[in-house]
Amino acid sequence: MGPHYLSPFFTPKSVAIVGASERPESVGHRLLVNMQEAGFKGGLYPVNHKRKEISGLKAYPDLDSIPESVELVVVSTPAPTVPSIIRQCGAKGVRSVIIITAGFGELGDEGKRLQQEVLEIAHRYNIRLIGPNCLGLARPSAFLNATFGDGVIADGNLALLSQSGAVCTAILDWAKSQDIGFSTVVSMGGAADIDFGEVLDYLATDGKTTGILMYVEGIRDARRFLSGLKAAARLKPVILIKSGRHEAGCKAAMSHTGAMVGGDDVFDAAIERAGVVRAYSITQLFSAARVLANNYVLKQDRLAIITNAGGPGVMSTDRAEDVGVTMAELSPESIEALNQVLPVHWSHANPVDILGDATSERYQQALEVCLKDKNIDGVLNILTPQAMTNPTEVAQFLIEAAKKTNKPVLASWTGGAKVEAGRELFANSKVAHFNTPEVAVDAFSFLAKYTRNQILLKQIPSPSEELVEPDINGARLIIQRILSENRQVLTTQESKAILAAFNIPVTQTIKVNNAKDAMIAAETLGFPVVLKVNMAEFSHKSDIGGVRLNINSVQDVSHHFTDMEAQIKRLAPETEEIVITIEPMYRSYSGRELMIGVVRDPVFGPAISFGLGGTMVEILRDKAVALPPLNAYMVEEMISKTKAAKYIDNFRQLPAINKQALVNVLLNVSTMVSELPEILELDINPLIADDKGVMAVDARIKAEVSHQLTPYSHMTIHPYPSELIRHCQLPNGTDITIRPIRPEDAKIEKDFVHRLSERSKYMRFMQSIQELTPEMIVRFTQIDYDREMAFIAVTEHEDMPTELGVGRYIMNPDGYSVEFAIVVSDDCQGLGIGAKIMKTLMQAAKYKGISLFEGEVLTVNKAMLSLVKKLGFSVEAIAGDSEVVKVIKDLRL
């Protein structure tokens, strides 16, 4: 693999600024001055047809007049001039352009038309664009500052991506006051072409970037966005702020779920799955970056606080409660150890108040005890200036102690001049330091969230998590028949039929149209029974008195039916047919009313919610939201976030519910929305749960016709593609399985590469490599099945290694071609494994709609060249490289 295709944006050899100007107040002037002040080492070409010279540099009337080649063009001329400039770029051979100019998609129909014209020209010449309407781009280590911001951007190891130029400049200004530098700064602007996902993909493997900060306003391509987030978050911390958290009001929705679950809930669920941490202010953004940069290891979120003042300790405890951090409970051994070294009046609990006369030695002793306690996952040390306490000396003790532990050691030296020297020591150490205790607690909470989200990132569920096989085709036929009747909202009986097809327990339902049939149905089911309105016009039945419970006789059935019939006619006089259902009254003395819902987010697709149910769900607003597909671990995490989590455990006189039955229902709902793209909304409310199991007492579904061409394209997160698993036999009789790679394959993948001969490693990687680095293992085993694929051939044969071979492809930026690579274990070559993996890879690519399958092969790799020729590949020479050839196959032929 060569340089990343976005490299010319970040390390260009030459830059032209179209619209460069001598006017101090102009954007073009600031762009050129910033490039000069950054000390750009390459060719720098101002373009302005009215000037011969600008800022001491020769100016050119147009791009074509520049005698040298240009790698990056920055455009700051008025919007109507941009299409012709992009044509000039194409003619000049420029492939990377930043459009600073505003006046495009943000200005209505005319602006959108102009933007589309620019995009069409750019695509015609294979030009990639950042912007329009952006601040620009900076790469301090490359002496590149192609922004019109004010001042020099310091070099550092944090990358900043921002949709807003104004927020970008605010963050840069704040960072300057905190002596924080950046590896990369990118203002995305309108993101008409290059979006967050592609820049994140670049930064994921950028050696100069150790953490990524983001400001997000909206997402255009959810799959690409999450794909880029996951690629980066697997290798380095990603922290983001998203604006627009609160909606002015919820849209009218058929379901309770639709009214409760907003876009921000779904956004949170999405970034959790991507392993990303969300901050809510610029201060929090950098606090999270500071604590995550130290690569701390957390098992849980149990925090101990050591303080020389009671007030800050109490405030920190309050903040921990606010952000969901668990205050650690000191073990008896720790309390006894602290009794031996602390004054008799110490707090004897967490926070560990070591009193106002605390010496450096007292801090050190308390910290050593806390770090040894297995009930403690991290320690926050708070110091306020006191006459007997030396802040600088205590800081030095903490720094030395932090070197000897993997547990996070945080510090909050609260005050001004007296603690400044201590803060300066922390700045160059492993101890993350903060000016106030509350901010330090926030930082620890981000560390805990990061740890949890990294676990979620590694979860790759199948669409169906090894439960009883659902009747997918039967459910789909029912929905399609209903949609053919020009109906979107399913009746209760129809909704329950769909649930039953996915093995979700439901109460029996009989539909009736008159009092006589109602009485017969009630006698058939046995008393007591429930009467419910079963008409699409009345989705919230309780609101109109459309639910009658605990009816114990035929006479009462007749009375209630007649009364409900009259009520419906008053509310909807034009109704021709009244439909009511009779159901058995589900009784459970220990039953809890829960709710499971599904909404279709316009950006991220289907989202599943869980929480307390019943008629007051919109008041209680108890919910946890997750994106499908789910597995058991993720369902357990989802449940634990709700108030319902305590309610379903042993509660007063009630036994704990059968939790596994609840988990199975949520898994079945996940399977349902994964396999049925027609489902728009779903409510199961109430789902009654007790110690014996669960029962869906009421349900409603809203559906629409699906136009998806490939499975799971309605979902943002692609499930594990279990449908691609193949079983076959080698000529020597060995049974093997060829399947998509999984994160848990990290060990066998590492061992596989370790066993390869030097020659095989060179043939695969085209360079000398001894072992896979941890970063390479992550990249190879934690993949995004939507844009890349890796198949491994494995066997359980005792005389052969577990992994026999691996092949992979990754999609190129054009979206229709992929680059592949393949290698087979030395002791397994000649058995046809490579051919089987190649055919499987090609079939998977063709299934995804990929047109071109291409790769680079060393000319000395005769076996590989022989294989691809047999499979119908063409072989092409690469200009200027006699050792490597390009092999291509058109999958459309």
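Residues numbered from 1 in each chain as written. Predicted model: local features only at pLDDT ≥ 70, side-chain atom pairs only at ≥ 80, totals over all residues. Heavy atoms only, no water.

### Quick word on the state of the cysteines
(1) Moving on: According to the stated counting rule, one finds zero disulfides in the structure shown.
(2) Moving on: A disulfide-free cysteine, Cys89 has its sulfur positioned 14 Å from the sulfur of Cys134, the nearest such atom.
(3) Moving on: Here Cys828 is not disulfide-linked; the sulfur of Cys728 is the nearest cysteine sulfur, at 13 Å. (Disulfide = S-S within 2.5 Å.)

### Some words on helix H17 (residues 472-484)
An α-helical turn contains 3.6 residues, so a residue and the one three or four places further along point in the same direction.
(1) Moving on: The end-to-end C-alpha distance of H17 is 18 Å, a good match for the 18 Å that 13 residues give at a rise of 1.5 Å each.
(2) Moving on: The set of residues buried in H17 consists of Ile472, Gly474, Ala475, Ile479, Ile482 and Leu483.
(3) Moving on: Looking at the buried positions of H17, the neighbouring elements they touch are helix H18 (492-501), helix H24 (659-675), strand S28 (679-689) and strand S30 (699-703).
(4) Moving on: Trailing H17 by a residue or two, Asn486 shows a phi angle of about 60 degrees, which is positive. (Helix = DSSP H or I, 4+ residues; strand = E, 2+ residues; numbered from the N terminus. Expected span 1.5 Å × (residues − 1). Buried < 20%, exposed > 50% of the residue type's maximum accessible area, 1.4 Å probe, protein only. Contact = heavy atoms within 4.5 Å.)

### Re the packing of helix H14 (residues 391-402) against helix H15 (residues 420-427)
Working note: a packed helix pair is described by the angle between its axes plus the distance between those axes.
(1) Moving on: Close contact between H14 and H15 brings their axes to 7 Å; oriented N to C, the two are set at 20 degrees. As judged from the angle between their axes, H14 and H15 are roughly parallel. Note that H14 runs across H15; the crossing there is right-handed. Of the residues in H15, those touching H14 at Pro391, Thr392, Ala395, Gln396, Leu398 and Ile399 are Ala421, Gly422, Leu425 and Phe426.
(2) Moving on: Its residues assigned to classes, the contact of H14 with H15 shows seven nonpolar, three polar and no charged. (Axes fitted to C-alpha atoms, helices over the stretch in contact; angles between N-to-C directions. Parallel < 35°, antiparallel > 145°, perpendicular 65-115°, else oblique. Left-handed = near helix turned anticlockwise from the far one by under 90°. Nonpolar A, V, L, I, M, F, W, Y, C, P; charged D, E, K, R; others polar.)

### Points about the sheet that holds strand S22 (residues 529-533)
(1) Moving on: Strand order in the open sheet formed by four strands is S21-S24-S22-S23, and the pairing between neighbours is antiparallel. The open sheet has two free edges, formed respectively by strand S21 (510-512) and strand S23 (547-551), since each of these has just one partner strand. Adjacent strand axes in the sheet meet at a mean angle of 25 degrees, parallel and antiparallel pairs treated alike.
(2) Moving on: In terms of strand pairing, S22 meets S23 through three bridges, oriented antiparallel. Residue Val529 lies in a different strand from S23, and its bridge partner there is Ile551. (Pairing = 2+ DSSP bridges.)

### Brief notes about the sheet that holds strand S14 (residues 277-279)
(1) Moving on: Reading across the sheet, the seven strands line up as S9-S8-S11-S10-S12-S13-S14 and stay open at both edges, with mixed pairing between neighbours. Two strands in the sheet have a free side with no partner beyond their single neighbour: strand S9 (144-147) and S14. When the angles between neighbouring strand axes are averaged without regard to direction, this sheet yields 20 degrees.
(2) Moving on: Along the sheet, helix H10 (residues 282-292) contacts strand S10 (155-162), strand S11 (182-187), strand S12 (211-216), strand S13 (238-242) and S14; its crossing angle with S13, the most-contacted strand, is approximately 170 degrees.

### Some remarks on the pattern of salt bridges
(1) Moving on: The tally for this structure, following the rule as stated, stands at 38 salt bridges.
(2) Moving on: Among the ionic pairs, Glu25 bridges to Arg23, the shortest N-O distance being 3.5 Å.
(3) Moving on: Residues Arg423 and Glu420 are paired through a salt bridge, measuring 3.7 Å at the closest nitrogen-oxygen approach. Residue Arg423 and its partner Glu420 are located together in helix H15, separated by three residues, close to a single helical turn.
(4) Moving on: Residue class for Arg423 comes out buried when judged on its relative accessible area of 11%. (Salt bridge = Lys/Arg side-chain N within 4 Å of Asp/Glu carboxyl O.)

### So, unusual backbone geometry
(1) Moving on: Looking along the chain, the bond that leaves Asn350 and enters Pro351 is cis, with omega of 10 degrees.
(2) Moving on: Tracing the backbone through its elements, the reader meets Pro351 in the loop between helix H12 (332-341) and strand S17 (352-353).
(3) Moving on: Note the cis peptide between Asn685 and Pro686, where omega equals 5 degrees.
(4) Moving on: Checked against the element boundaries, Pro686 lands in strand S28.
(5) Moving on: Look at Ala191: it is not a glycine, yet its phi comes out positive at around 50 degrees.
(6) Moving on: Its place among the elements puts Ala191 in the loop between S11 and helix H6 (196-204).
(7) Moving on: A positive phi is found at Tyr712, a non-glycine position, where the angle reads about 70 degrees.
(8) Moving on: If you trace the backbone, Tyr712 turns up in the loop between S30 and strand S31 (726-729).

### Thoughts on the pairing of strand S24 (residues 580-584)
(1) Moving on: A large share of S24 lies buried, amounting to four of its five residues.
(2) Moving on: Where S21 lies against S24, three bridges are found, and the strand directions are antiparallel. What sits directly across from Ile510, in S24, is Ile582.
(3) Moving on: Note: S22 against S24, five bridges, orientation antiparallel. Its bridge partner being in S24, Val533 is matched across the sheet by Ile580.

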